[in-house]
Amino acid sequence: MRRLVFSIVLGVGLVAIGGTGASAADPTPQPTVSAKATAGKKICQVKDPLLDEISGLVATKTGFVAINDSTDDRRRKIFFLDTKCTVKSKIDLGGSRDTEDMVLSPDGKTLWIADTGDNDVLKGGGDTRTNVALWSVPLNKGKDPVIHRLSYPDGDKHDAEALLLDGDGTPIIVTKELSNAYIYKPSAALKNNNDTGVPLTKVGELSLSPTETKGNAFAMTFNRTVTGGSIAPGGGKVVLRTYTDAVEWDVKGGDVLAALKTKPRVTGLPNETFGEAISYSPDGKYFFTVSDMNGDEDAENSILRYEPATEVATISKKQSTDGAASDSWYSDLSVGDITKLVGGVGVLGFLLVAIGVIGIVRFRKANPRGADVDDAPSGAIAKADPKTELIGVGSGPVPPRGGAPFADGPSGPVYGAKAAGGQQQRPPVYGGGKPNGGGGPGAGGPQYGRPAGQQPRGPQQQPPRPPQQQPPARGPQQRPQGQQQPPRPPQQPQRGPGPQQQPRGPQPPQRAPQQQQPNRGGGAGGGVYGGQQRPPQGGGQPPRPGTYGGGRPPQGHDGDRR
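To keep things clear, this report deals only with the structure shown in the data block. (Residues numbered from 1 in each chain as written. Predicted model: local features only at pLDDT ≥ 70, side-chain atom pairs only at ≥ 80, totals over all residues. Heavy atoms only, no water.)

### Quick look at the overall build of the chain
Part 1 of the reasoning: Along the backbone of the chain there are 6 helices and 23 strands.
Part 2 of the reasoning: Burial statistics for the chain: of 562 residues in total, 41% are counted as buried.
Part 3 of the reasoning: Considering only contacts in the chain between residues 6 or more positions apart, those separated by 24 or more positions represent 57%.
Part 4 of the reasoning: As presented, the chain carries roughly 30,000 Å² of accessible surface, and 54% of it is formed by carbon and sulfur atoms. (Helix = DSSP H or I, 4+ residues; strand = E, 2+ residues; numbered from the N terminus. Buried < 20%, exposed > 50% of the residue type's maximum accessible area, 1.4 Å probe, protein only. Contact = heavy atoms within 4.5 Å. Areas by Shrake-Rupley, 256 points an atom, 1.4 Å probe, with all protein chains shown as cover.)

Structure below.
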């Protein structure tokens, strides 16, 4: 199981590194800038289930206009919302393929929609688009939308998610890249409902600086990727957004391309789920943003309002003094390349997990009952050693058997085992050993659970008393709780007129079934835990009741005790 857990942790770790590693070091030499980052104010929550992939937004005097990034016919529409984000009307865009952005013309009369998305470019191939398109429709919905097809130069393929308009109304398309974005403009006037696209011309590149704005792992990885744009009323300012920030420029003389070459102001858009859309407010004082929830209809999605930054972004104090990071091997990687790398690391992690699972399954098939601890290479228990065979029962080492408690001598047999000569011995006292010679009847076994050689505690340390001084018999209720049989010396004390008891050898004498077990020691004590009482010896005191009230079962031949 530990190998399986390790493989899973390793696989998950590799996948996590693949998903967020790009945020550890930015892939371009741009310096990190410090941006104002205050959480946006919630204006209203978008609850319509058809608006779960919002990619373009325009704020109007009566509410908002939104479009989806979707190929679902139910969502290929222009949605008109009121100030509470309730859908009031729709315009069909059934001929669209992948709408990604929407802007309002500087005069506030025309909506321009960028149908320029191409996810197959991100996948590194497939059925990439031969044409992209723009849609135009009057804001007052007096006419149907008109399509204007465009085409990239030969060999160029891009996924683009941002649209701007130059001072003369010419569209500007900004592509979605991991590092520098590319800027395209039509090389000729737009055509309405054309089948052959008007050629696009690359007119520049845009390099944004990374920021310290907080966001999820995806947003932090692609915090320089352009996902949307907007034009301020009158055309005096333009803004492009990333997953974490809004980057704004002042436009002079309607020349947007010249403005994009100047230093911008950066407003942080912290912790947006998947921010792709941005719009100026009708008065140009605020930004409104919203996230693309990627089809999650249950997640909360709100339109947020931000106050734009008023100062040009400065280099972060955490940045090195040279103002620029060094180039790295991934500086020129595209989003598609990064996607492939992340996928490859994910596959590697999956393979490691699979190898770990296969190893566990094979081990369990080879050892269906698991490894036997007795056969383990380390820490095993010696099964043939009687000193360790009973480890775990609760006792210490097997006590020695001899003429006195805790005396040195050979250990007795395991409970119930046959002695030398083939005859089974009577089981020893519960936890103790039977003397095999040299000891008198008073030689009992050690206290249960006490290791050999350890002196008993408490009342066991009293000296043995001669038989004539034996106290009167007491009932079981008079015996102090927890007191054990006092120890006896190795030699049997002198008794009274009664016959002397002979010490037993290794073999117990044959006795008739009705014969009682003679008492051990000088006094007439009760039987041991369920044993019978002994008859009085030498005219001694009458026997005491057996401990715990039990009687020893009659004992006959050895074969009867199996």
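### Thoughts on the sheet that holds strand β18 (residues 245–250)
Part 1 of the reasoning: Read across the sheet, 5 strands follow the order β2-β19-β18-β17-β16 without closing on themselves; strand pairing throughout is mixed. With one partner strand each, in any of the chains shown, β2 (36–37) and β16 (228–231) form the two edges of the open sheet.
Part 2 of the reasoning: Bridging between strand β17 (residues 237–241) and β18 involves 5 bridges; their strand directions are antiparallel. Counterpart to Leu-240 in the pairing with β18 is Val-247. (Pairing = 2+ DSSP bridges.)

### What about the side chain of Arg-224?
Part 1 of the reasoning: Of note, Arg-224 is situated in the loop between α3 (217–221) and β16.
Part 2 of the reasoning: Taking the relative accessible area as the measure of exposure, Arg-224 reaches 3% and is therefore buried.
Part 3 of the reasoning: A distance of 2.2 Å separates the side chain of Arg-224 from the backbone oxygen of Leu-208, its partner in a polar contact. (Polar contact = N/O pair within 3.5 Å; in protein donor to acceptor, adjacent residues only side chain to side chain.)

### Examining the sheet that holds strand β5 (residues 63–68)
Part 1 of the reasoning: In space, the 4 strands of this open sheet follow the order β4-β5-β6-β7, with antiparallel pairing throughout. Among the strands making up the open sheet, the edge pair consists of β4 (54–60) and β7 (87–92). Between one strand axis and the next, the sheet turns by 20° as a mean value, whatever way the strands run.
Part 2 of the reasoning: For β4 and β5, the ladder comprises 6 bridges, and the chain directions are antiparallel. Pairing of Leu-57 across the sheet is with Ala-66, part of β5. (Axes fitted to C-alpha atoms, helices over the stretch in contact; angles between N-to-C directions.)

### Overview of the pattern of salt bridges
Part 1 of the reasoning: Scanning the model with the defined rule gives 16 salt bridges in all.
Part 2 of the reasoning: Put simply, Lys-176 and Glu-161 hold a salt bridge, and the shortest N to O gap is 3.0 Å. Within this pair, whereas Lys-176 is found in the loop between β13 (171–175) and β14 (181–186), its partner Glu-161 is found in strand β12 (residues 160–165), the two being separated by 15 residues in sequence. Each member of the pair Lys-176 and Glu-161 is classed as buried.
Part 3 of the reasoning: Glu-248 is the salt-bridge partner of Lys-237, the closest N and O atoms lying 3.9 Å from each other. Of the two residues, Lys-237 sits in strand β17 while Glu-248 sits in strand β18, which places them 11 residues apart along the sequence.
Part 4 of the reasoning: What makes Glu-248 buried here is its relative accessible area of 3%. (Salt bridge = Lys/Arg side-chain N within 4 Å of Asp/Glu carboxyl O.)

### Let's talk about a nonpolar patch on the surface
Part 1 of the reasoning: Taken together, the side chains of Val-347, Phe-350 and Leu-351 present a nonpolar region at the surface, about 310 Å² in accessible area.
Part 2 of the reasoning: Assessed through its relative accessible area of 59%, Phe-350 is described here as exposed. (Patch = residues over 30% accessible without salt bridge, like charges linked within 9 Å, V, L, I, M, F, W, Y side chains within 5 Å.)

### Examining the pairing of strand β20 (residues 275–280)
Part 1 of the reasoning: Counting buried positions along β20 gives 6 out of 6 residues, so the element sits mostly inside the fold.
Part 2 of the reasoning: For β20 and strand β21 (residues 287–291), the ladder comprises 5 bridges, and the chain directions are antiparallel. Bridged to Ala-277 within β21 is Val-290.
Part 3 of the reasoning: Between β20 and β21, which follow one another and run antiparallel, lie 6 residues, and Gly-284 among them has a positive phi close to 75°.

### Quick word on the packing of aromatic side chains
Part 1 of the reasoning: A full pass over the atoms with the stated rule returns 7 aromatic pairs.
Part 2 of the reasoning: On the numbers, 5.4 Å between centres and 80° between planes, the contact of Phe-64 with Phe-288 is edge-to-face. Here Phe-64 is found in strand β5, whereas its partner Phe-288 is found in strand β21, with 224 residues between them in sequence. Grouping residues by exposure puts Phe-64 and Phe-288 together as buried.
Part 3 of the reasoning: Plain terms: the ring middles of Phe-218 and Tyr-243 are 5.2 Å apart, the flat faces sit at 80° to each other, and that makes the pair edge-to-face. Pair noted here: Phe-218 is in helix α3 and Tyr-243 is in the loop between β17 and β18, with a separation of 25 residues, a long-range link.
Part 4 of the reasoning: By way of ring pairs, the aromatic residues Phe-218, Phe-222, Tyr-243 and Phe-274 are connected into one cluster. (Phe/Tyr/Trp six-rings, centres within 6.5 Å; stacked < 30°, edge-to-face > 60°.)

### Observations regarding the state of the cysteines
Part 1 of the reasoning: Per the stated rule, a full pass over the model turns up 1 disulfide.
Part 2 of the reasoning: Between the sulfur atoms of Cys-44 and its disulfide mate Cys-85 the distance is 1.7 Å. Looking along the S-S bond of the Cys-44-Cys-85 disulfide, the torsion reads about 55°, which is the right-handed sense. Of this pair, Cys-44 sits in strand β3 (residues 41–45) while Cys-85 is found in the loop between β6 (77–81) and β7, placing the two residues 41 residues apart along the sequence. (Disulfide = S-S within 2.5 Å.)

### Points about unusual backbone geometry
Part 1 of the reasoning: Positive phi is not limited to glycine here, since Lys-141 has a value of about 60°.
Part 2 of the reasoning: Under the relative-accessibility criterion, Lys-141 is labelled partly exposed at 39%.
Part 3 of the reasoning: Positioned with a positive phi, Asn-271 is a non-glycine residue whose angle comes to about 60°.
Part 4 of the reasoning: Of the residues examined, Asn-271 reaches a relative accessible area of 57% and is grouped as exposed.

### Let's talk about the nonpolar core
Part 1 of the reasoning: Ranked by size, the top nonpolar core spans 35 residues in total, and within it Leu-206, Val-238, Leu-240 and Trp-249 carry the most contacts.
Part 2 of the reasoning: Broken down by element, the residue count for this core peaks at 5 residues, all from β12.
Part 3 of the reasoning: In contact with Trp-249, not counting residues within four places along its chain, are Leu-206, Leu-208, Gly-236, Lys-237, Val-238, Leu-240, Ala-259, Leu-260, Thr-262, Lys-263, Pro-264 and Arg-265.
Part 4 of the reasoning: Among the nonpolar cores identified, the runner-up in size contains 17 residues, and Ala-59, Val-87, Ala-277 and Ile-303 belong to it. (Core = buried A, V, L, I, M, F, W, Y, C linked by side-chain atoms within 4.5 Å.)

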